[in-house]
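Okay, here's what each chain looks like letter by letter:
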Amino acid sequence: MQQYEGTILSGESFDPIQGRVIVEDGRIESIERTETTSSDIILPTFVNAHTHLGDSVAKEAAVGLSLEEAVAPPDSLKHRRLRGADRKELVTAMRRSLRFMEQTGTAACLDFRESGVEGARALREASQELDIDPFIFGSEESSVLDVADGFGASGANDDDFTRQRAAALEAGVPFAIHAGEPDATDIHPAIELDPDLLIHMVHAEQDHLERVADRSIPVAVCPRANTVLDVGKPPIRELVDHTTVGLGTDNVMLNSPSMFREMAYTAKEFDVTAREVLRMATTAGADIVGLDCGVIEPGRRGAFTILDGASDNLAGVVDPVRAVVRRATERDVKRVVV
Ligand SMILES: [Zn+2]
């Protein structure tokens, strides 16, 4: 049995409780309210709802380029760099990004992996012996589902994904697709594929929001990446009012996969509360693909991040949820328990 004391951001509402979390065989046994001298802040581990770890081989290479030039298949700078990288270089670069994420409190990420079966295999290999689980949305042919955990489509205007959608359904795994990043034209066609997850939705309009709500389709938003590529700002307030919304850091070539940075940016640039942002960064991503982390409550996996509430950065915080979302950085992480 292990126990961890401090201010616990418990349950789906992240109500701060002074006390201890008891963990037995990797599961949260109970949360006990008790007086404590610990200034630690205990929060659920993050689930990064959208990444492209493969372009860890091209950090900052695309800054200043358009969406088309930077990341659009098949000939963007990203795809040229991916083709140019040898396998060992690619696996090493992805492993280093995963390690950074693991060390900074991310237990899982929902990754869109390019390059079909080989690409999915390379990411599996990169994550071996690490405590972070990439949920791999594979690409190209349906046969990628032999290796990947789901299918990730680039966008409904890029290709016909009917076959891959049917294959994912047949295999009982999720089908995710980018939609509404540069403009709204691919949103209805994406929804027609009946996806299990939509990525971006920067240009979602009222009828899209209603369809997403009707079908309970979750959305992953990546606001910092949208800013770097200058495609606009997603309507996060409206999306949160209509469906489950996860927070993702998107391409490693555009931004570091830091959930602290993504949360702070989201909380300050959008009309959402700190609690809503913390939910987007933890519970939502876990719910989208059915992971057993992202909430501190009895019965769940004992996965959480312990911040040093007495650090020079966090000492004296009045509201721990706001502090975690708006102020905390990787430097405040004392320990990650997964
Ligand atoms: Zn993406």
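This structure is a prediction, so every number in the text was calculated from the model and none was measured. (Residues numbered from 1 in each chain as written. Predicted model: local features only at pLDDT ≥ 70, side-chain atom pairs only at ≥ 80, totals over all residues. Heavy atoms only, no water.)

**Student:** So what exactly am I meant to see when it comes to the sheet that holds strand 10 (residues 197-200) here?
**Tutor:** Paired through their backbone hydrogen bonds, the strands of a sheet run either parallel or antiparallel. Pairing is parallel across the open sheet formed by nine strands, whose spatial order is 12-11-10-9-8-7-6-5-13. Edge positions in the open sheet fall to strand 12 (245-247) and strand 13 (250-251), since each of these has one partner strand only. Summarising the sheet, strand 8 (residues 150-153) and strand 9 (residues 175-179) pair through three bridges and their orientation is parallel. Bridge pairing links Ala153 to Ile177 in strand 9. (Pairing = 2+ DSSP bridges. Helix = DSSP H or I, 4+ residues; strand = E, 2+ residues; numbered from the N terminus.)

**Student:** Help me understand the nonpolar core, please; the structure alone is not making it clear to me.
**Tutor:** Note that soluble globular proteins tend to have their nonpolar side chains buried in a common cluster. Within the largest apolar cluster, 73 residues are counted, with the highest numbers of intra-cluster contacts made by Leu198, Met201, Met263, Leu278 and Leu307. With six residues, helix 3 (residues 87-103) is the largest single contributor of residues to this core. Of the residues that make up this core, three or more belong to each of domain 1 (2-45 + 293-337) and domain 2 (46-289). Look past the residues within four positions of Leu198 in its chain and what remains in contact with it is Ile177, Ala179, Ala190, Ile191, Val212, Ile217, Pro218, Val219 and Ala220. One finds Val71, Leu197, Ala225 and Val231 within the second-largest nonpolar core, a separate group that totals 29 residues. (Core = buried A, V, L, I, M, F, W, Y, C linked by side-chain atoms within 4.5 Å. Buried < 20%, exposed > 50% of the residue type's maximum accessible area, 1.4 Å probe, protein only. Domains from an automatic or database assignment. Contact = heavy atoms within 4.5 Å.)

**Student:** Mind showing me how you'd approach the packing of aromatic side chains here?
**Tutor:** What describes a pair of aromatic rings is the distance from one ring centre to the other and the angle between the planes of the rings. Counted under the stated rule, the structure contains six aromatic pairs. Measuring from centroid to centroid gives 5.2 Å for Phe46 and Phe260, while their planes differ by 90°, and the two rings are edge-to-face. Here Phe46 is found in strand 5 (residues 46-52), whereas its partner Phe260 is found in helix 10 (residues 259-269), with 214 residues between them in sequence. According to the relative accessible area criterion, Phe46 is buried, its value standing at 0%. Under the relative-accessibility criterion, Phe260 is labelled buried at 2%. Between the aromatic rings of Phe151 and Phe161, the centroid separation amounts to 6.1 Å while the plane-to-plane angle is 55°, which identifies the pairing as tilted. In this pair, Phe151 sits in strand 8 while Phe161 sits in the loop between strand 8 and helix 5 (162-171), placing the two residues 10 residues apart along the sequence. (Phe/Tyr/Trp six-rings, centres within 6.5 Å; stacked < 30°, edge-to-face > 60°.)

**Student:** What should I look at first to understand the coordination of the zinc ion in this one?
**Tutor:** His50 (NE2), His52 (NE2) and His178 (NE2) make up the full set of protein donors to the zinc ion, lying at 2.0 to 2.1 Å. Within one chain, the residues donating to the zinc ion are spaced in sequence as H-x1-H-x125-H. One end of the pair, His50, is in strand 5; the other, His178, is in strand 9, and 128 residues separate them in sequence. For the pair His50 and His178, one class covers both residues: buried. (Donors = N, O, S within 2.8 Å, 3.2 Å for Na, K, Ca; no water.)

**Student:** Would you mind showing me how to read the side chain of Ser97 here?
**Tutor:** When you line up the elements, Ser97 lands in helix 3. Among all residues touching Ser97, those that are not within four sequence positions of it are Leu53, Ser56, Lys59, Val252 and Pro257.

**Student:** Help me understand helix 3 in this model?
**Tutor:** Every α-helix winds through 3.6 residues per turn, so residues three or four apart in the chain are directed the same way. Between its first and last C-alpha atoms helix 3 spans 24 Å; for 17 residues at 1.5 Å apiece the expected length is 24 Å, and the two agree. Of all the positions in helix 3, only Leu90, Val91, Ala93, Met94, Ser97, Leu98, Met101 and Glu102 are classed as buried. Two to three positions downstream of the cap, the backbone nitrogen of Lys88 sits 3.2 Å from a side-chain oxygen, assigning the N-cap of helix 3 to Asp86. Positive backbone phi, approximately 95°, marks Gly105, located one or two places after helix 3. (Expected span 1.5 Å × (residues − 1). Polar contact = N/O pair within 3.5 Å; in protein donor to acceptor, adjacent residues only side chain to side chain.)

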